[in-house]
Amino acid sequence: MNSDKKQSRYQRLYKQISDLIKESSNNPISNMSTIAAILHHKIEYFFWTGFYLLQDGKLQAGPYQGSLACINLAKDKGVCWAAINQKKTIVVPNVHEFPNHIACDSRSLSEIVIPIKNSSNEIIGVMDVDSSTVNSFDEIDAQWLEKIADLIYFD
Ligand code: SME
């Protein structure tokens, strides 16, 4: 998808998600479910779209859309834990080149992971999106997905 098309797609989806969440829900799990459903069905290169949430030191599957995912992610391995530990968005152009990448579905070839913060600014998990082609994600995806992740705890 070219950059202009990507920008305008995200702009439209951001408004849709923001309107839906702000008029009906302050429940983070409902908000994550809504975000996963909209993004997954409206952006064609999103092969797996969802959330992993921290609980008792574990990173476990939250709301998602796509093929069956790992429920638990081995601590300090893979892209999701790297985003938590480094407290920043990580774009992986080719998962086969990422040391210790966790493959829940071998069709995933590129990935982006965004840390999610609650209203107290604590990291409570990540948003994770996989694509079945290499090099799907860039700075535009990172900026918009960070902005969308900020809607989960908007108050
Ligand atoms: N690839 C992730 C695991 C989650 S799946 O992509 C759904 C990782 O390396 O942390």
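Preceding block: the structure.
These figures come from a predicted structure and were not determined experimentally.

Cut-offs used in this document
- Residues numbered from 1 in each chain as written.
- Predicted model: local features only at pLDDT ≥ 70, side-chain atom pairs only at ≥ 80, totals over all residues.
- Heavy atoms only, no water.
- Buried < 20%, exposed > 50% of the residue type's maximum accessible area, 1.4 Å probe, protein only.
- Helix = DSSP H or I, 4+ residues; strand = E, 2+ residues; numbered from the N terminus.
- Pairing = 2+ DSSP bridges.
- Salt bridge = Lys/Arg side-chain N within 4 Å of Asp/Glu carboxyl O.
- Near = heavy atom within 4 Å.
- Polar contact = N/O pair within 3.5 Å; in protein donor to acceptor, adjacent residues only side chain to side chain.
- Areas by Shrake-Rupley, 256 points an atom, 1.4 Å probe, with all protein chains shown as cover.

Undergrad: Help me understand the pairing of strand S6 (residues 123-131), please; the structure alone is not making it clear to me.
TA: The two faces of a sheet get side chains in turn, since along a regular strand they alternate between them. Of all nine residues that make up S6, eight are buried, and the element is covered over most of its length. Both strand S1 (residues 48-55) and S6 contribute to a ladder of six bridges, which runs antiparallel. Each bridged residue has a counterpart across the sheet, and for Trp-48 the counterpart in S6 is Asp-130. Bridge count for strand S5 (residues 110-117) against S6 is eight bridges, and the pairing is antiparallel. Bridge pairing in S6 places Ile-112 opposite Val-129.

Undergrad: Would you explain the pattern of salt bridges in this entry?
TA: Counted according to the given criterion, the structure contains six salt bridges. The closest approach of N and O atoms between Arg-9 and Glu-44, which form a salt bridge, is 2.8 Å. Taken together, the residues Arg-9 in helix H1 (residues 3-24) and Glu-44 in the loop between helix H2 (28-42) and S1 connect sequence positions 35 residues apart. Classification of Arg-9 as buried rests on a relative accessible area of 13%. Salt-bridge contacts for Arg-107 lead to Asp-105; the nearest nitrogen and oxygen are separated by 2.8 Å.

Undergrad: For this particular structure, what's the right way to read the site of the ligand?
TA: Looking at the ligand, the residues that line it are Trp-48, Tyr-52, Leu-73, Gly-78, Val-79, Cys-80, His-101, Ile-102, Cys-104, Glu-111, Asp-128 and Asp-130. One of the backbone N or O atoms of Val-79 is found 2.9 Å from an oxygen atom in the ligand. In this structure, a nitrogen atom belonging to the ligand sits 3.0 Å away from a side-chain N or O atom of Glu-111. The protein chains hide 99% of the 310 Å² of surface that the ligand would expose on its own. Those elements that provide at least two residues to the shell around the ligand are S1, helix H3 (78-86) and S6. Counting residues per element, the shell around the ligand draws most heavily on H3, which supplies three residues.

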